[in-house]
Amino acid sequence: MKNKFYFGGSIASHQCEGAYDEDGKGLGIMDLVTVGSKSKPRQFDDELKEGTYYPSHDGIDFYHRYKEDIALFKECGFTALRISVDWSRIYPNGDDEKPNEKGIAHYLDVVRELKRNGIEPIVTLFHFEMPVNIVRKYGSWQNREVIDLYLRYAKTMFEAFKGEVTYWATFNEMNHLDSDVELSDFFTYMNTGLCYSKLEEPAKVMVNCAYNMTLASVKAVKLGHQIDPDYKIGCVFGLTPVYAYSANPMDSIKAFQAMDRDWYQIDAMTKGAFPEYKLEAYRQRGVDIQISEEEKKAFEEGKIDFIGINYYASAVETDLKLEDASGSFFGGLNNPYLKQSDWGWTIDPIGLRYLLMMVDRRYDLPMIITENGLGAYDTLEEDGSVHDPYRIAYLNDHIEQIKAAIEHDKVNCFGYLMWGPIDLVSATTGEMKKRYGFIYVDKNDDGSGSFRRYRKDSFDWYRKTIKEFMK
Ligand code: BGP
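As the structure is a prediction and not an experimental result, all values here were calculated from the model. (Residues numbered from 1 in each chain as written. Predicted model: local features only at pLDDT ≥ 70, side-chain atom pairs only at ≥ 80, totals over all residues. Heavy atoms only, no water.)

Describing the overall build of the protein
Thought 1: Per the secondary structure count, the protein includes 14 helices and 12 strands.
Thought 2: Whereas a compact globule of 471 residues would reach a radius of gyration of roughly 23 Å, the protein reaches 21 Å, a difference of no more than 12%.
Thought 3: Considered along the principal axes of its C-alpha atoms, the protein spans approximately 60 × 55 × 50 Å.
Thought 4: Residue burial in the protein is summarised as follows: out of 471 residues, 62% are buried.
Thought 5: Within the protein, contacts between residues at least 6 apart in sequence are counted, and of these 75% link residues at least 24 apart. (Helix = DSSP H or I, 4+ residues; strand = E, 2+ residues; numbered from the N terminus. Rg over C-alpha atoms; globule rule 2.2 N^0.38 Å. Buried < 20%, exposed > 50% of the residue type's maximum accessible area, 1.4 Å probe, protein only. Contact = heavy atoms within 4.5 Å.)

Right, dumping it as structure tokens:
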């Protein structure tokens with residue numbers, strides 16, 4: 001693994017597939033989420049409402065157009081693509097007696113198409129997708145029974161894809177669930193189908209969900225390794241390096257604590273035990289998690305093989321009570337040294353090098369950048385071209401830092417998967433106009449458009465960059 005380097009992209013089923021009720025798919029939590037914008041949060045409906053547009057229902061129609069899109073990824077020089085499997089395609093209600101064979105067949109087709117094109121599939125089992133029935137009937141991840149439902153789903157996938165897939169990720173960004181801070185509905189809903197603002201005991205629910213998901217991950221890793229010892233099973237974390245605002249030592253403590261909230265699950269998945277410091281934090285929030293002997297064993301035996309890093313921005317923390325105490329999307333203060341994207345995400349390529357160094361020295365495990373990219377406004381010109389120098393600059397600056405981290409700092413990073421290589425539905429806002437791709441998709445926020453694909457200027461740039469990097 002050490003000598004291989006994968007270059008490609010990363011997508012998630014609810015943001016691209018569409019076909020939300022085809023071939024036996026059940027209703028998933030993201031199928032109930034409306035379009036929002038920078039200023040208007042997405043709504044999480046309890047039932048589908050007539051006349052409301054839900055972007056996941058048609059996505060970018062990847063479900064039907066995956067062959068065309070994979071051909072474009074190949075042309076662009078991809079050697080890997082991270083996809084996610086929508087749990088509600090495999091077990092429409094989560095607790096069905098048998099899996100939906102059509103769902104399995106679809107993903108087998110996608111994976112085989114990728115391999116025919118020389119693209120390594122990297123498969124995430126849970127990327128904000130879960131059957132709605134699990135939320136309604138079981139109360140989602142706060143209920144330990146859901147761990148078994150997830151493991152049954154994972155087992156089905158690990159068995160059906162033996163010999164087809166090598167790299168798996170158990171979860172995407174579940175580290176954003178945290179009992180120590182007020183969370184947005186967005187972060188809780190994506191991972192659990194529950195709205196933070198509607199919870200009667202939010203801290204308790206968050207603790208139980210986060211613990212149970214962590215436990216589900218280590219158990220899935222063990223299960224996967226039993227089914228195929230050659231499986232490389234990791235987990236994907238959304239990581240934000242946090243800088244101290246000043247040299248005041250308390251600012252460093254604050255910055256450390258803010259980062260620590262994102263790291264405890266990596267500790268739990270790599271060190272063989274759920275960290276005592278987090279259990280103590282839970283106790284301070286009034287929740288005493290009892291870890292059975294069987295669970296302790298699961299943490300010992302379910303260590304991940306690699307760490308997936310989603311990196312978009314850095315943040316700044318302080319202990320001072322400053323007047324301008326907010327600003328950054330990822331929490332904390334705005335950084336006066338750095339610019340932000342049109343959606344307010346801090347742009348910090350050096351932060352990525354810093355992060356790679358930290359993760360490498362702290363865990364000494366192979367890492368892969370599973371997401372990184374710039375959401376920006378694009379204009380489709382009359383001749384079908386899209387000029388996106390801002391995207392090229394952003395990606396170029398980040399790739400330069402990865403190079404420095406590998407060549408100079410000697411970190412063990414085996415790939416770069418840029419987020420959203422083809423325009424897709426934004427997770428946070430539901431918009432199409434927040435575009436990440438090298439490939440433009442003619443679709444608007446209200447669902448209108450031809451869905452035709454166009455190569456942007458960055459398409460050719462990425463192809464050349466991959467070649468250059470791999471020399
Ligand atoms: C990550 C998610 C992705 C993706 C990305 C960009 O946190 O894992 O699913 O959406 O963020 O976010 P957005 O689409 O809101 O711009």
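Quick word on the site of the ligand
Thought 1: The local shell around the ligand holds 15 residues, among which Glu173, Ala427, Thr428, Lys434 and Tyr436 are the closest.
Thought 2: Within the side chain of glutamine 15, an N or O atom sits 2.8 Å from an oxygen atom of the ligand.
Thought 3: Considered on its own, the ligand offers 380 Å² of accessible surface; in the complex 95% of this is hidden by protein.
Thought 4: Considered class by class, the residues forming the shell around the ligand number six nonpolar, six polar and three charged. (Near = heavy atom within 4 Å. Polar contact = N/O pair within 3.5 Å; in protein donor to acceptor, adjacent residues only side chain to side chain. Areas by Shrake-Rupley, 256 points an atom, 1.4 Å probe, with all protein chains shown as cover. Nonpolar A, V, L, I, M, F, W, Y, C, P; charged D, E, K, R; others polar.)

As for the environment of glycine 8
Thought 1: Turning to its location among the elements, glycine 8 is positioned in strand β1 (residues 6–10).
Thought 2: Placed 87 residues apart in sequence, glycine 8 and aspartate 95 show a C-alpha to C-alpha distance of 34 Å.
Thought 3: Setting aside chain neighbours within four positions, we find glycine 8 in contact with Phe78, Ala80, Tyr416, Leu417, Met418 and Tyr462.

A word on the pattern of salt bridges
Thought 1: For the structure shown, the criterion picks out 38 salt bridges.
Thought 2: Among the salt bridges present, the one from lysine 155 reaches glutamate 159, with a minimum N-O distance of 3.3 Å. Of this pair, lysine 155 and glutamate 159 both sit in helix α6 (residues 145–160), four residues apart, roughly one helical turn.
Thought 3: With a relative accessible area of 37%, lysine 155 lands in the partly exposed category.
Thought 4: Looking at glutamate 159, the relative accessible area reads 43%, which means it is partly exposed.
Thought 5: Here arginine 362 makes a salt bridge to aspartate 267, at a shortest N to O gap of 3.1 Å. You can see arginine 362 sitting in helix α12 (residues 349–363) and its partner aspartate 267 sitting in helix α9 (residues 249–270), a full 95 residues away along the chain.
Thought 6: In this structure, a network of salt bridges that share partners links the residues Asp378, Asp388, Arg391, Asp423, Arg435 and Lys456. (Salt bridge = Lys/Arg side-chain N within 4 Å of Asp/Glu carboxyl O.)

A word on the pairing of strand β9 (residues 367–371)
In the case of a regular strand, side chains alternate between the two sheet surfaces.
Thought 1: Counting buried residues along β9, five of its five residues qualify, which places the element largely inside the surrounding structure.
Thought 2: Bridge analysis of strand β7 (residues 306–310) against β9 gives four bridges, and the strand direction is parallel. Its bridge partner being in β9, isoleucine 307 is matched across the sheet by methionine 367.
Thought 3: The pairing of β9 with strand β10 (residues 413–419) spans two bridges and is parallel. Looking at β10, one finds that isoleucine 369 is bridged to tyrosine 416.
Thought 4: Taken together, β9, helix α13 (residues 389–407) and β10 constitute a β-α-β crossover, and its handedness is right-handed. (Pairing = 2+ DSSP bridges. Right-handed = clockwise from strand over helix to strand, strands pointing away.)

A word on the nonpolar core
Thought 1: Of all hydrophobic cores here, the largest spans 142 residues; its most connected members are Trp87, Trp141, Tyr150 and Tyr462.
Thought 2: Broken down by element, the residue count for this core peaks at 14 residues, all from helix α8 (residues 202–227).
Thought 3: When neighbours within four sequence positions are excluded, tyrosine 462 is seen to be in contact with Phe7, Gly8, Cys76, Phe78, Ile399, Tyr416, Met418 and Phe438.
Thought 4: Of all hydrophobic cores here, the second largest spans eight residues; its members include Ile122, Tyr167, Phe306 and Leu417. (Core = buried A, V, L, I, M, F, W, Y, C linked by side-chain atoms within 4.5 Å.)

Some points on the packing of α6 against α8
Thought 1: Contact geometry for α6 and α8: axes closest at 10 Å, N-to-C directions at 30°. With respect to their mutual orientation, α6 and α8 come out roughly parallel. With respect to the hand of their crossing, α6 and α8 are arranged in right-handed fashion. Of the residues in α8, those touching α6 at Ile147, Tyr150, Leu151, Ala154, Lys155, Phe158 and Glu159 are Asn212, Leu215, Ala216, Lys219, Ala220, Leu223, Gly224 and Ile227.
Thought 2: The class makeup of the residues in the contact of α6 with α8 is 10 nonpolar, two polar and three charged. (Axes fitted to C-alpha atoms, helices over the stretch in contact; angles between N-to-C directions. Parallel < 35°, antiparallel > 145°, perpendicular 65-115°, else oblique. Left-handed = near helix turned anticlockwise from the far one by under 90°.)

Overview of the sheet that holds strand β2 (residues 80–84)
The pairing of strands in a sheet comes from backbone hydrogen bonds and takes either a parallel or an antiparallel form.
Thought 1: One closed barrel accounts for eight strands, arranged β1-β2-β3-β4-β5-β7-β9-β10; its pairing is parallel. Direction aside, the axes of adjacent strands within the sheet are offset by 25° on average.

Remarks on the packing of α13 against helix α14 (residues 457–469)
Thought 1: Interhelical geometry of α13 versus α14 gives an angle of 15° and a closest axis separation of 10 Å. Considering their axes alone, α13 and α14 lie roughly parallel with respect to each other. Crossing handedness for the pair α13 and α14: right-handed. Of α14, the residues touching α13 (which contributes Arg391, Ile392, Leu395, Asn396, Ile399, Lys403 and Ile406) are Asp457, Ser458, Trp461, Tyr462, Thr465 and Phe469.
Thought 2: Partitioned by chemical class, the residues of the contact of α13 with α14 number seven nonpolar, three polar and three charged.

So, the side chain of lysine 25
Thought 1: Along the chain, lysine 25 turns up in the loop between α1 (13–16) and α2 (62–75).
Thought 2: Under the relative-accessibility criterion, lysine 25 is labelled buried at 10%.
Thought 3: Looking at lysine 25, its side chain comes within polar contact range of the side chain of aspartate 31, at 2.6 Å.
Thought 4: In contact with lysine 25, other than residues within four places in its own chain, are Ala19, Tyr20, Asp31, Asp86, Ser88, Arg89, Pro92 and Asn100.

Describing unusual backbone geometry
Thought 1: A positive phi angle is found at phenylalanine 128, which is not glycine, with a value near 65°.
Thought 2: Mapped onto the secondary structure, phenylalanine 128 falls in the loop between β3 (120–124) and α5 (132–138).
Thought 3: Positive phi is not limited to glycine here, since lysine 410 has a value of about 60°.
Thought 4: Locating lysine 410 in the fold gives a position in the loop between α13 and β10.
Thought 5: Classification of lysine 410 as exposed rests on a relative accessible area of 61%.

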